[in-house]
Amino acid sequence: MFRIVFFQPEIPPNTGNAIRLAANTGCELHLVRPLGFSLATSHLRRAGLDYHDLAKVRVHADLAAAWEALLPANVYAFTTGATLRHTEVSYAPGDVLLFGPESVGLPREVQYAAEVTDRLSLPMLPTSRSLNLANSTAIAVYEAWRQHDFPGEVRSSP
């Protein structure tokens, strides 16, 4: 499946929601330190509910350690300054979906790192500045998963 990377996340509920997203889609969640919270905080646990045991979550000391664990792979950096939409690429299993901290997004040096395959954006109205990190991640993950016809999906009975 796909691998989600949060570079220096700051808000516990966003990471908790990403844990739940990872558990429900089969994605891995990789967190790059420093984190703006403790992984044991009640806010993180509340948002992730009982999904912590179902999700694959890994914490990396820094971006270099994350690259070592994740590469080789396509790395898509999500940023408002990108020229390609998230729907304009063909995702492959194992691809990395990279997101920046809530307050500032991905730093320029991370967006343009040699490891990054391309920069992608999510469509928004011109008066908007950004989307919530957890929402952005869900949009990107579901587009990548949709392109592969949702392998592993369990459908409910009518």
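Right above here is the structure, for reference.
As the structure is a prediction and not an experimental result, all values here were calculated from the model.

Visitor: I'd like a rundown of the nonpolar core, residues and numbers included.
Guide: Core analysis: the biggest nonpolar cluster contains 27 residues, and Ile4, Phe6, Leu29, Phe78, Tyr91, Leu97 and Phe99 have the highest contact counts within it. Sorting elements by how many residues they give to this core places helix 5 (residues 133-146) first, with five residues. Ignoring anything within four residues of it in the chain, the contact list for phenylalanine 78 reads His86, Tyr91, Leu97, Leu98, Phe99, Leu106, Leu120, Leu122 and Ala140. Membership of the second largest hydrophobic core comes to 15 residues, among which are Leu63, Ala77, Leu106 and Val110.

Visitor: Account for unusual backbone geometry, naming residues and giving values.
Guide: Omega for the bond connecting arginine 33 with proline 34 falls within 30 degrees of zero, at 0 degrees, which places this linkage in the cis form. Positionally, proline 34 belongs in the loop between strand 2 (28-32) and helix 2 (42-48). With phi around 50 degrees, glutamine 8 is a residue other than glycine that occupies positive phi space. Summarising the element assignment, glutamine 8 is placed in the loop between strand 1 (3-7) and helix 1 (12-25). Judged by relative accessible area, glutamine 8 falls into the partly exposed class, the value being 25%. Non-glycine residue aspartate 149 carries a positive phi angle of around 60 degrees. Looking at aspartate 149, the relative accessible area reads 59%, which means it is exposed.

Conventions we followed
- Residues numbered from 1 in each chain as written.
- Predicted model: local features only at pLDDT ≥ 70, side-chain atom pairs only at ≥ 80, totals over all residues.
- Heavy atoms only, no water.
- Core = buried A, V, L, I, M, F, W, Y, C linked by side-chain atoms within 4.5 Å.
- Buried < 20%, exposed > 50% of the residue type's maximum accessible area, 1.4 Å probe, protein only.
- Helix = DSSP H or I, 4+ residues; strand = E, 2+ residues; numbered from the N terminus.
- Contact = heavy atoms within 4.5 Å.

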